Amino acid sequence: MPKPESEKIVFPEGLEIIGDGCFEVCTGIRGEIVLPSTMEYLAVNSCEGLSNIKWIYSVALVPPTCYFEDQASGFPKTAFGTPFESSTPMGITVYVPRGTYDLYYQSNGWRYFNTFVETDDVPSTAITNVTASPQNGSDDTIYDLMGRKVAHPIKGSLYIKGGKKYIHR
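Residues numbered from 1 in each chain as written. Predicted model: local features only at pLDDT ≥ 70, side-chain atom pairs only at ≥ 80, totals over all residues. Heavy atoms only, no water.

1. So, the overall build of the protein chain
Each helix and strand in the protein chain was counted, giving one helix and 13 strands. In sequence order, the protein chain lays out its α and β elements as β-β-β-β-β-β-β-β-β-α-β-β-β-β. A separation of at least 24 residues holds for 52% of the contacts in the protein chain among residues at least 6 apart in sequence. Put simply, the protein chain shows about 9,600 Å² of open surface, and 52% of that area lies on carbon and sulfur atoms. (Helix = DSSP H or I, 4+ residues; strand = E, 2+ residues; numbered from the N terminus. Contact = heavy atoms within 4.5 Å. Areas by Shrake-Rupley, 256 points an atom, 1.4 Å probe, with all protein chains shown as cover.)

What follows is the structure in structure tokens.
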């Protein structure tokens, strides 16, 4: 039976850790991976060998800590693999929140990649095709990605306000 393939893997808000070997050599992932703003840690081999992915979006304002280990070869082992071995391609584009390029570029594990692009345009994570109804005055109500009202938004999290997604700063 053929293995299922996916064009996009979108991890939900609230996820903090991707564990050891979780997606190791998942060649069926052929599009993009979207890591939520709550992501804190990518463990050893958690994203190694994703040879067919084209992009990674990391919504976290602080780069998630990546497993990192110096090797005798001089090429470190990271959550994404070891450079120049059969690992996740180093040349894919990693999209990061605007203003965080230097943080990602200088972070162990993330330095593995060659290309970072700052963006505010993050692929949809839970709600698509939102239609806003006209209202009197401005609506400052904040919703989470499941459509629930949020009384106290958390810095760095993704929300919806006025029918548009935004990262609360």
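2. Here we look at the packing of aromatic side chains
Evaluated as defined, the whole model comprises 12 aromatic pairs. Geometrically, the ring pair formed by F80 and Y112 is stacked, given 6.1 Å between the ring centres and 25 degrees between the ring planes. Within this pair, whereas F80 is found in the loop between β8 (77-78) and β9 (93-97), its partner Y112 is found in the loop between α1 (101-105) and β10 (115-119), the two being separated by 32 residues in sequence. Take F80: its relative accessible area is 2%, and that puts it in the buried class. Of the aromatic side chains, those joined through ring pairs into one cluster are F80, Y104, W110, Y112 and F113. (Phe/Tyr/Trp six-rings, centres within 6.5 Å; stacked < 30°, edge-to-face > 60°. Buried < 20%, exposed > 50% of the residue type's maximum accessible area, 1.4 Å probe, protein only.)

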